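Residues per chain, in single letters:
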Number of protein chains: 2
Amino acid sequence: MNITDFLSTIVPFTDDELKDIVSHFKKETVLKNQTLVRQGEVCKTLYFVEKGMGRSYYLNENGKEITQWFFGVGKFMSSVDSFFQQTPSLYYLEVLEDATLYCMSKSDIDQLFAKYHKMETMGRLVTTEMLTKMVNKLNAIQFQTARERYDYMLAEFPDIAYRVPLGHIASYLGMTQETLSRIRKG
Amino acid sequence: MNITDFLSTIVPFTDDELKDIVSHFKKETVLKNQTLVRQGEVCKTLYFVEKGMGRSYYLNENGKEITQWFFGVGKFMSSVDSFFQQTPSLYYLEVLEDATLYCMSKSDIDQLFAKYHKMETMGRLVTTEMLTKMVNKLNAIQFQTARERYDYMLAEFPDIAYRVPLGHIASYLGMTQETLSRIRKG
DNA sequence: GAATTCCTTTGACATAGGTCAAATAGTGAG
DNA sequence: CTCACTATTTGACCTATGTCAAAGGAATTC
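Positions within a chain are numbered from 1, following the residues in the order the chain's sequence is written. Note on labels: chains are lettered from A, ligands numbered from 1, in written order. The predicted nature of this model means local features are confined to residues of pLDDT at least 70 and side-chain atom pairs, given and counted, to a pLDDT of 80 or more, with totals for whole chains, interfaces and linings taken over all residues. With hydrogens and water set aside, each side-chain value is computed from the structure's full complement of heavy atoms.

*Asks:* Run through the interface of chain B and chain A, naming residues and quoting values.
*Replies:* Residue contacts are defined here by distance: any two heavy atoms, one from each residue, within 4.5 Å place the two residues in contact. Every contact between the two is made by 34 residues of chain B and, on the other side, 34 residues of chain A. Taken over both partners, the interface formed by chain B and chain A buries close to 2,900 Å², and the fraction arising from carbon and sulfur atoms is 66%. Think of a salt bridge as a Lys or Arg side-chain nitrogen and an Asp or Glu carboxyl oxygen that are within 4 Å of each other. Where chain B meets chain A, there are 2 salt bridges. For A:Glu120, the salt bridge goes to B:Arg124, with nearest N and O atoms at 2.3 Å. Here a polar contact is taken to be a pair of N or O atoms separated by no more than 3.5 Å, where protein atoms must pair a possible hydrogen donor with a possible acceptor and residues adjacent in sequence count only if both atoms sit in side chains. Counting every contact that joins chain B to chain A gives 12 residue pairs in polar contact (both at pLDDT 80 or more). For helices the rule is a DSSP run of H or I covering at least 4 residues; for strands it is a run of E covering at least 2, with both sets numbered from the N terminus onward. For the side of chain B that touches chain A, the secondary-structure elements that each account for two or more residues are strand 4 (65–71), helix 3 (80–85), helix 4 (106–115), helix 5 (117–143) and helix 7 (166–172) of chain B. Broken down by element, the residue count for the side of chain B that touches chain A peaks at 18 residues, all from helix 5 of chain B. The quantity reported as buried area is the accessible area (1.4 Å probe) lost by two parts once they are put together, taken as the sum for both.

Below, the structure is given as structure tokens:
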């Protein structure tokens, strides 16, 4: 999924606007298992995933990694509130497969927000979509059995569910690896 | 919490802008237990809570009410995705105490989004804040014991926790009324 | 202010999913 | 190809929280 195409699907930018906006993204190739942001650091970059995939996670009180979200192709990836509020990130951000990312700094995006009303609209729409997805996850987690939660995972991340370690998915869904393993069996 | 003051705290509107924006809100008084939106209806109005409080909830497969969110003084209240996408609401919206609300229609808010770049910025910031709060709830629900979840509730809605029926809070926190009752004891 | 309805507490018991430990299967480096 | 390491599966057992049922308390209505 190309960044230019993606932007066009959200808001009807003109060609000139698109060219300007896209020129502020820097293309980067990142290898598997690379960490983009650490817990406690301020997240300086917004990433758009053209190829590959990533996840955000944090360490709980026992030092266990808890996956917070998966970011697939055609999505923005970031430690959202750290990036937008420039506060220390609660999450690690890592790449799970060799990836091609388009990167933009906070100051560049702020400039674009200020310059283009439509850019601000896009920001709002993307945030609203994320909010909706978060509500979906919440409802799945809050009231469904372990099996139903796994079904939610398959529906929300069909492309990702079979490409990442079991334990990442289990912690994302709020269950143990053992439970998820048993579910996949039956 | 006055709507004019609230808007000023988020984005530095000029006095003229503020006057224009606020003029599109219609003040309404709503009595306790009144339903503002039903599941399946399209939510036509965004509400700002000046006084009182409300909640959103849905009916699960057994017909039980599940509280999805509480809206206190100084917050926007709506069935967010129904309102912004004009799709059937997944939630009921009801007022839990006699309330004073400022109401705005979708078309009015869209006009203001189009007219004022700053209004769009406000939309994005409010949505981001809601997203952050949703993530907090998710983390509480996903990995904490029933007791810890109740502590989260007290922290997030200190003003609300003692003013609504136990069952509303229990379903919000993803536990039974009986469990919450036992927690409040010990 | 009695009646009705709704809300909260309490008790006994059931169970989904967690914990701990060990066995097995995959995977990447040399 | 083999070793070393990591990820997954399996089993036995445990516990937090759910379910069901009934009894108290509060609050609203007439």
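Next comes the rest of the description.
*Asks:* Could you give an account of the relation of the copies chain B and chain A, with specific residues and numbers?
*Replies:* To line up the copies, we fit them by least squares on C-alpha atoms, keeping just the residues with pLDDT of at least 70 in both. Laying chain B over chain A is done by rotating through 180° and shifting 0.0 Å along the axis; what remains is an RMSD of 0.0 Å. When the rotation and shift are considered jointly, the pair of chain copies conforms to a two-fold rotation axis. Minimal C-alpha separation from the rotation axis in chain B is found for B:Arg124, amounting to 2.2 Å. Taken together, the interface assignments show that 100% of the residues at the interface of chain B recur at the interface of chain A, consistent with an identical surface on both copies.

*Asks:* Explain the packing of aromatic side chains residue by residue, including any values.
*Replies:* For any pair of aromatic rings, geometry is given as the distance between the ring centres together with the angle between the planes. For this analysis, a ring pair means two rings from Phe, Tyr or Trp (six-membered ring only for Trp) whose centres lie within 6.5 Å, classed as stacked if their planes differ by under 30 degrees, edge-to-face if by over 60, and tilted for the remaining angles. Scanning the model with the defined rule gives 26 aromatic pairs over all chains in all. The interplanar angle of 70° and the centroid separation of 5.5 Å between the aromatic rings of A:Phe48 and A:Phe76 together place this pair among those described as edge-to-face. In this pair, A:Phe48 sits in strand 3 (residues 45–59) while A:Phe76 sits in strand 5 (residues 76–77), placing the two residues 28 residues apart along the sequence. For the pair shown, A:Phe48 and A:Phe76 are each scored as buried. Geometrically, the ring pair formed by B:Tyr152 and B:Tyr172 is stacked, given 6.5 Å between the ring centres and 10° between the ring planes. Note that B:Tyr152 is positioned in helix 6 (residues 146–156) and B:Tyr172 in helix 7, a separation of 20 residues in sequence. Of the two residues examined, B:Tyr152 and B:Tyr172, each falls in the buried class. A connected cluster of aromatic rings, assembled from ring pairs, spans A:Trp69, A:Phe70, A:Tyr152, A:Phe157 and A:Tyr172. Comment: the charge-over-ring label is applied if NZ (Lys) or CZ (Arg) is within 6 Å of the ring centre and within 35 degrees of the ring normal. Sitting above the plane of the B:Phe113 ring, A:Arg124 keeps its charged end 3.8 Å from the centroid. Above the face of the B:Tyr172 ring, B:Lys137 is positioned so that its terminal group lies 3.6 Å from the ring centre. Buried means the residue's accessible area, taken with a 1.4 Å probe over protein chains only, is under 20% of the maximum for its type, while exposed means over 50%, and partly exposed covers the values in between.

*Asks:* Residues and numbers for the packing of helix 4 of chain B against helix 5 of chain B, please.
*Replies:* A pair of packed helices is captured by two measures, namely the crossing angle of their axes and the spacing between those axes. Residue and element names in this part refer to chain B. In the contact formed by helix 4 and helix 5, the axes pass within 5 Å of each other and the chain directions differ by 115°. Facing Ile109, Leu112, Phe113 and Lys115 of helix 4, the residues of helix 5 in contact are His117, Met119, Glu120 and Gly123. Note that Gly is not counted as nonpolar here; it falls among the polar residues with everything else outside the nonpolar set of Ala, Val, Leu, Ile, Met, Phe, Trp, Tyr, Cys and Pro and the charged set of Asp, Glu, Lys and Arg. Residue composition of the contact of helix 4 with helix 5, grouped by class: 4 nonpolar, 2 polar and 2 charged. All axes are obtained by fitting lines to C-alpha atoms, using only the stretch in contact for helices, and the reported angles, taken between N-to-C directions, cover 0 to 180 degrees.

*Asks:* Tell me about the protein's contact with DNA strand D, and name the residues and values.
*Replies:* Proximity is defined per residue: if any heavy atom of the residue lies within 4 Å of a molecule or strand, that residue is considered near it. Lining the immediate environment of DNA strand D, one finds 17 residues, of which A:Leu166, A:Ser181, A:Lys185, B:Ala146 and B:Thr179 sit closest. If you look at DNA strand D and keep only atoms within 4 Å of the protein, 59% of those are sugar or phosphate atoms. Backbone polar atom of A:Leu166 to a phosphate oxygen of DNA strand D: 3.0 Å apart, as the coordinates give it. Side-chain polar atom of B:Arg182 to a base oxygen of DNA strand D: 3.4 Å apart, as the coordinates give it. For the surface near DNA strand D, the secondary structure elements donating two or more residues are helix 7 (166–172) and helix 8 (177–185) of chain A together with helix 6 and helix 8 (177–185) of chain B. Residues that form the surface near DNA strand D fall into these classes: 4 nonpolar, 7 polar and 6 charged.

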